[in-house]
Amino acid sequence: MKTNLAIVLIFLVLVSCSETKQSNDVFIFFGDSHVENWDLNLWFPFTTNLNYGKAGNRISDLLIRGDGIRASDNNVIMIGVNDIIILSSRLDDNETILATNDLVDSLFEHTDQDCIFMAIMPVTVQFEDSRSSNINYLIDKVNEHIEESCKNKNIIFIDSNTILKKEAGLNESFSLDGIHLNNVGYEVISKILRPYIY
C-alpha cells in the first residue's frame, strides 16, 4: 500500500513539473522608467529577460543611442510618455501628436513583426492637471496611431493604456506618484503580456 502511495506521489510531482512553463527565449524590453522599474524576473520567471529601460528615455533615445532596438525576435517596446510630456510643453496638441507620430514611425522602421508594442501608459488626472495640458488625450491619440501601425505591419499591440485607466486617466490605485506604476499596476500589465511571452 505504501509503495502504491509513493508511486502515485512521484507521478503527481513529475506531472506537475512537466507542466511548468520553461522557455529558452530571451526577451529584450526597451523603454523608459516604466520598463526600468518593472521587475521582469518576478513577473516572467520562465524566460531570460533583458531590461533596457531607462528613466527619462524618449523614442529618439532608442533610435540614436547604441542601445537602440537590437535584432531580436522578442523585443517588447513601451515608450512615449516622456516625448508627449516634453513636446506638449512646447507645442499645441496637433503639433505634439504629429511630432510624436513621426517618432513612432521612425521606430517602426527599426522593428520587425516579432516585436510587441505596449501602449503608452496614461497619467493620473491630478498629474495631468499639474502640467496644464491634455496629456491623456495626446497619449490616446498617439496610441491610436501605434495600434493602427501595428495592424498594418502585423505586429502585436497590447492596449495596456485602456486597462489601466479609471475615467480619464491612470487609476490612482495603480500608481506611485501619478505617472509611475506601483506593484499592482505592474501586476496588471504583466498579466496581459504574459500570454505573449509564454
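Preceding block: the structure.
Summarised in this report is the structure supplied together with it. (Residues numbered from 1 in each chain as written. Predicted model: local features only at pLDDT ≥ 70, side-chain atom pairs only at ≥ 80, totals over all residues. Heavy atoms only, no water.)

1. Points about the side chain of Ser 33
Considering the arrangement of structural elements, one finds Ser 33 in helix α2 (residues 33-36). You can call Ser 33 buried: its relative accessible area is 9%. The residues touching Ser 33, leaving out its near neighbours within four places in the chain, are Lys 54, Ala 55, Gly 56, His 180 and Tyr 186. (Helix = DSSP H or I, 4+ residues; strand = E, 2+ residues; numbered from the N terminus. Buried < 20%, exposed > 50% of the residue type's maximum accessible area, 1.4 Å probe, protein only. Contact = heavy atoms within 4.5 Å.)

2. Digging into the packing of aromatic side chains
The final tally for this structure, using the stated rule, is seven aromatic pairs. When the centroid spacing of 4.5 Å and the interplanar angle of 25 degrees are considered together, the rings of Phe 108 and Phe 117 count as stacked. Each member of the pair, Phe 108 together with Phe 117, is buried. Taken together, the aromatic side chains of Phe 29, Trp 38, Phe 44 and Tyr 186 make up a single cluster linked through ring pairs. (Phe/Tyr/Trp six-rings, centres within 6.5 Å; stacked < 30°, edge-to-face > 60°.)

3. Re the pattern of salt bridges
Opposite charge on two side chains lets them pair, provided their charged atoms get close. For the structure shown, the criterion picks out three salt bridges. The salt bridge partner of Asp 140 is Lys 165, with a shortest N-O separation of 2.7 Å. With Asp 140 in helix α8 (residues 135-153) and Lys 165 in strand β6 (residues 165-166), this pair connects stretches of sequence that are 25 residues apart. Overall, Lys 165 belongs to the partly exposed group, its relative accessible area being 21%. The partner of Lys 191 in a salt bridge is Glu 187, with the nearest N and O atoms 3.1 Å apart. (Salt bridge = Lys/Arg side-chain N within 4 Å of Asp/Glu carboxyl O.)

4. Quick look at the nonpolar core
Ile 77, Phe 117 and Ile 146 are the most contacted members of the largest nonpolar core, which has 28 residues in total. Elements supplying a minimum of two residues to this core: β1 (26-31), α4 (59-64), α5 (81-88), α6 (93-108) and α8. A per-element tally of this core places α8 first, with six residues. One finds Trp 38, Leu 40, Leu 170 and Tyr 186 within the second-largest nonpolar core, a separate group that totals 22 residues. (Core = buried A, V, L, I, M, F, W, Y, C linked by side-chain atoms within 4.5 Å.)

5. A short note on the sheet that holds strand β5 (residues 156-158)
The strand order across the open sheet formed by five strands is β2-β1-β3-β4-β5, and the pairing between neighbours is parallel. The sheet terminates laterally at β2 (48-53) and β5, the two strands that pair on one side only. Here the strands of the sheet are splayed against their neighbours by 20 degrees on average, with no regard to which way each runs. Here four bridges tie β1 to strand β3 (residues 75-78), and the two strands are oriented parallel to one another. By the bridge assignment for β3, Ile 28 is matched with Asn 75. (Pairing = 2+ DSSP bridges. Axes fitted to C-alpha atoms, helices over the stretch in contact; angles between N-to-C directions.)

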